[in-house]
Amino acid sequence: MLFKNAPQRVYVNEVATRDGFQNEDAFVPTVDKIHIIDRLSLAGLAKIEVTSFVSSKAIPNLRDAADVMAGITRRQGVVYSALVPNRQGALRALEAKVDEVNLVMSIGEKHNLANLRMTCAQSFVAFRDIMGVVKGSGVRTMGSVATAFGCPFEGEQPLSRLLWAVEQYLELGIQSVDLCDTVGTGHPRMIYTYCRAVKEAFPDLPVTVHFHDTRGMGLANVVAALEAGINSFDTSLGGIGGCPYAPDATGNISTEDTVHMLEACGVATGVDLDALIALGRELPALLGHDVPSRLGKVGKRTDLKPFPASLEQRGRIEAAPSTEAYRVPSV
Ligand code: COA
Ligand code: ZN
């Protein structure tokens, strides 16, 4: 039975201010980034990936990473994370007092080269350096496996390669991993199989998944991952996001839509959905374009729409039989 073995409580990690803003053409003002993060902090998210400490030539929109970290109001219990690709990034992130550094490499060699200008082997050498910098600081470490479910240039990646990458991270002493579907090529059956395999091979390792809805499989993949025992999900307010170095990349699964679906299914998230929807509705004006989230447009499944007044006057409501007259199966 669906949801019988799924976790009853999950952790939702917000990535809009990193994955989302990195992909915007126009610079999002620092003050607006801080405003969004502070509002997200109050909404009950487990973690916020605030920004990334990368080359400002590679990702111009996040060139204000240090100022954003310095400007936000931290809420106890929320983990403030940042993406770092190399030693320089790690030093900047520690200086900015992040709670966690998120290391990233793609298991697709070609995407790793396009995105980070490194082979996978070179990435792991850089990570050894990063781990040396972070050691003893108390800062948490997460290893992201990008293109885990398919590379835009090389296609599907074998499960063995994903397991290899996770093992490499563990050998470096990483504390948790994030399996990222960078261009939305994972499908529910694959997600279930790969996530089960990672959980079985590394039973004590905290595993997060990070889905993009590029091909419309995002929320179905959440259900598949839940069934595989995953209890931590990266999501993005408004469903914005995407890697600028992956052709045709589009947004992450939306935080509002994901929380809404999970809560409807009886899976607790600890997130204030109304606050999120209200915040998500501010994004189009801030970014100057529409955003993919459905909830922002149509509201929750429990939000009733006004019945047309013209029909109300025709007395049809009174004429309809009461629901008692129907045999409603219990669900
Ligand atoms: N923070 C700030 N600046 C950095 C940096 C960091 N972490 N790492 C490198 N730089 C700067 C260098 O100082 C150098 O500056 P200069 O030209 O003024 O001297 C410049 O970037 C190039 O450095 P180099 O070491 O030659 O890097 P590269 O050109 O080979 O690029 C990365 C490698 C990893 C720095 C770059 O590809 C990058 O930042 N990629 C991030 C991509 C990303 O975030 N993608 C989306 C998330 S998955
Ligand atoms: Zn992403």
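That block above? That's the structure.
The text that follows walks through the structure, step by step, so that each part is easy to find. These numbers come from a predicted model, not from an experiment. Throughout, a residue's number is its position along its own chain's written sequence, starting from 1. Lettering of chains starts at A and numbering of ligands starts at 1, both following the order in which they are written. Where totals are concerned, whole chains, interfaces and linings use all residues; where local detail is concerned, this predicted model gives features only for residues with pLDDT of at least 70, and gives and counts side-chain atom pairs only at 80 or more. Side-chain measures were taken over the full set of non-hydrogen atoms in the model, leaving aside hydrogen atoms and water.

What follows deals with the nonpolar core. Ranked by size, the top nonpolar core spans 94 residues in total, and within it F53, L103, V145, L162, Y169 and L179 carry the most contacts. Only DSSP runs of H or I with at least four residues qualify as helices, and only runs of E with at least two residues qualify as strands; both kinds are numbered from the N terminus onward. Tallying contributions element by element places helix 6 (residues 120-134) first for this core, with 8 residues. Should any heavy atoms of two residues lie within 4.5 Å, those residues are counted as being in contact. Ignoring any residue separated from it by four or fewer positions in sequence, one finds L103 in contact with V84, F127, I130, M131, M142, G143, S144, Y169 and I174. Only buried residues count toward a nonpolar core. Its members are Ala, Val, Leu, Ile, Met, Phe, Trp, Tyr and Cys residues joined through side-chain atoms within 4.5 Å. Exposure is judged per residue with a 1.4 Å probe applied to protein chains only, and the accessible area is read against the type maximum: over 50% gives exposed, under 20% gives buried, and values in between give partly exposed.

The near set for a molecule or strand comprises every residue that places at least one heavy atom within 4 Å of it. Neighbouring residues of ligand 1: 17 residues in total, closest S55, K57, N86, R92 and N115. We define a polar contact as two N or O atoms separated by no more than 3.5 Å, with the added condition that, inside protein, one atom must be a possible hydrogen donor and the other a possible acceptor, whereas residues neighbouring each other in sequence contribute only through side-chain atom pairs. Contact between ligand 1 and F53: a nitrogen atom at 3.0 Å from a main-chain N or O atom of the residue. Between a nitrogen atom of ligand 1 and a main-chain N or O atom of G89, the distance comes to 3.1 Å. Surface exposure here means Shrake-Rupley accessible area, sampled with a 1.4 Å probe, where a residue is shielded only by the protein chains that are shown. A total of 930 Å² of accessible area belongs to ligand 1 in isolation, and the protein chains cover 66% of it. Contributions of two or more residues to the shell around ligand 1 are made by helix 4 (87-95) and helix 5 (109-116). The element contributing the most residues to the shell around ligand 1 is helix 4, with 3 residues. Its residues assigned to classes, the shell around ligand 1 shows 7 nonpolar, 6 polar and 4 charged. Under the convention adopted here, Pro, Cys and the residues Ala, Val, Leu, Ile, Met, Phe, Trp and Tyr are nonpolar, Asp, Glu, Lys and Arg are charged, and Gly plus all remaining residues are polar.

Let us look at the coordination of the zinc ion (ligand 2). The protein atoms donating to the zinc ion (ligand 2) are D19 (OD), H210 (NE2) and H212 (NE2), with metal-donor distances spanning 2.0 to 2.1 Å. Because water is not among the atoms used, a metal site may look incomplete, as its donors are only the N, O and S atoms within 2.8 Å, or 3.2 Å for Na, K and Ca. Written as a sequence motif, the donor arrangement for the zinc ion (ligand 2) is D-x190-H-x1-H. Placement of D19 in helix 1 (residues 16-20) and of H212 in the loop between strand 7 (207-211) and helix 9 (218-227) is noted, with a sequence separation of 193 residues between them. Neither residue differs from the other here; D19 and H212 are each classed as buried.

For the rest of this paragraph, the subject is the pattern of salt bridges. Salt bridges are counted wherever a side-chain nitrogen of Lys or Arg sits within 4 Å of a carboxyl oxygen of Asp or Glu. Tallied over the entire structure, the rule returns 11 salt bridges. With its nearest N and O atoms 3.6 Å apart, the salt bridge here joins K297 to D290. Salt bridges sharing partners connect three or more residues here, namely R18, D19 and E49.

Let's shift gears to the pairing of strand 6 (residues 176-181). Most of strand 6 is tucked away: 6 of the 6 residues are buried. Every second residue of strand 6 is oriented toward a common face, with S176, D178 and C180 on one face and V177, L179 and D181 on the other, all of them buried. Across 4 bridges, strand 5 (residues 140-146) lies against strand 6 in parallel orientation. Residue pairing for strand 6: S144 is matched across the bridge by D178. Whether a crossover is right-handed comes down to one check: with the strands pointing away from the viewer, does the path from the first strand over the helix to the second run clockwise; if it does, it is right-handed. Handedness of the crossover is the feature at issue here: the chain leaves strand 5, passes through helix 7 (residues 159-171), returns alongside strand 6, and the resulting connection is right-handed. One ladder, built from 5 bridges, connects strand 6 with strand 7; its direction is parallel. Its bridge partner being in strand 7, L179 is matched across the sheet by V209. Handedness of the crossover joining strand 6 and strand 7 through helix 8 (residues 188-201) is recorded here as right-handed. Following DSSP output, two strands are said to pair if at least two bridges run between them.

Ring geometry is summarised as follows: Phe, Tyr and Trp rings, the Trp one being its six-membered ring, pair when their centres sit within 6.5 Å, and such pairs are stacked at plane angles under 30 degrees, edge-to-face over 60 and tilted between the two. Counting across every chain of the model gives 6 aromatic pairs. Through successive ring pairs, a cluster of aromatic residues spans F124, F127, W164 and Y169. We note R63 situated over the ring of F27; from NZ or CZ to the ring centre the distance is 4.1 Å. Ring-over charges, as used throughout, are those where CZ of Arg or NZ of Lys falls within 6 Å of the ring centre and within 35 degrees of the ring normal.

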